[in-house]
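The chain contents come next:
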Amino acid sequence: MAKILYEVKKNTNMKSTAFGKWFAQIKTLETLNTRKLANHISEHGSIYTPDVVYGVLEKFRSCLLEMLLESKKVKIEGLGTFYCTVENTKGGAQKKEDFNVNKHLKALHIRFLPEQEAEQNISSREFLKKAEFINIENWLKEKEEQPDPEPEP
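Remember, it's a predicted structure, so these values are computed and weren't measured experimentally. Throughout this description, residue numbers start from 1 for each chain and increase along the sequence as written. For this predicted model, a pLDDT threshold of at least 70 governs which residues receive local features, and a threshold of 80 or more governs which side-chain atom pairs are given and counted, while totals over whole chains, interfaces and linings are taken from all residues. By convention in this description, side-chain values take in all heavy atoms of the structure and omit both hydrogens and water.

Draft legend 1. Representation of the side chain of Glu115 within the structure. Structurally, Glu115 can be placed in the loop between strand E5 (105-114) and helix H4 (124-130). For Glu115, a relative accessible area of 4% puts it in the buried group. In this structure the side chain of Glu115 is engaged in a polar contact, spanning 3.0 Å, whose partner is the backbone nitrogen of Gly78. Here a strand is any run of E in DSSP of at least two residues, a helix any run of H or I of at least four, and the numbering for each starts at the N terminus. Partly exposed residues are those whose accessible area sits between 20% and 50% of the maximum for their type, while under 20% is buried and over 50% is exposed, using a 1.4 Å probe and protein chains only. Counted as a polar contact is a pair of N or O atoms within 3.5 Å, where, for protein atoms, one must be capable of donating a hydrogen and the other of accepting one, and residues adjacent in sequence contribute only when both atoms are in side chains.

Take a look at the structure:
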């Protein structure tokens, strides 16, 4: 089962209604760049070398952006759908004729909707069922208690 590390942190925002309450927060061990992900993929019994996998990932990235900028959604079966949304400025235009993209649009966002088909569902609720949560404090204690492996001669 996948292991998700978290720590429990206190809400210190005095303006929040949850001020002083405690909440879980994910702890990330590492961020994989495209090159590291390509290496990881090629180590999973792939016939493709890391440079070939890297090339495919780079082509995927550039083509994904191209398709999104052509007002298309991109669905990757088993993963989910990428699509764009816009963020408008507050207030909007008074009339339809007054709407101006340069004045009334604040941002263009790339969004992601996880796969929700029954056998490949990675929606929030299903993803939660697949994860094992480990408090980082306990995890660090266990690592400290484990003896260092003997160096090889």
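Picking up after the structure, the text goes on.
Draft legend 2. Examining the pattern of salt bridges more closely. For this document, the term salt bridge refers to a Lys or Arg side-chain nitrogen within 4 Å of an Asp or Glu carboxyl oxygen. Counted by the stated rule, this structure contains 6 salt bridges. Linking Glu70 and Lys72 is a salt bridge whose minimum nitrogen-to-oxygen distance equals 3.7 Å. A relative accessible area of 42% means that Glu70 is categorised as partly exposed. One salt bridge connects Glu115 with Lys75, and the closest N-O pair in it is separated by 3.8 Å.

Draft legend 3. Layout of the packing of helix H1 (residues 34-42) against helix H2 (residues 50-68). Structural elements are reduced to axes, namely lines fitted to C-alpha atoms, with helices fitted over the stretch in contact, and the angle between N-to-C directions of any two is expressed from 0 to 180 degrees. Their axes nearest at 8 Å, the elements H1 and H2 cross at an angle of 125 degrees. Between H1 and H2, the angle falls in the class oblique. Crossing angle aside, the handedness with which H1 passes H2 is right-handed. Residues Thr34, Arg35, Leu37, Ala38, Asn39, Ile41 and Ser42 of H1 lie in contact with H2, whose contacting residues are Pro50, Val53, Tyr54, Leu57 and Glu58. Each angle receives one of four descriptions, namely roughly parallel if under 35 degrees, roughly antiparallel if over 145, roughly perpendicular if within 65 to 115, and oblique otherwise. Left-handed describes a crossing whose near helix is turned anticlockwise from the far helix by less than a right angle; the clockwise case is right-handed. Contact between two residues is taken to exist if any of their heavy atoms lie within 4.5 Å; hydrogens are not considered.

By themselves these figures say nothing about function.
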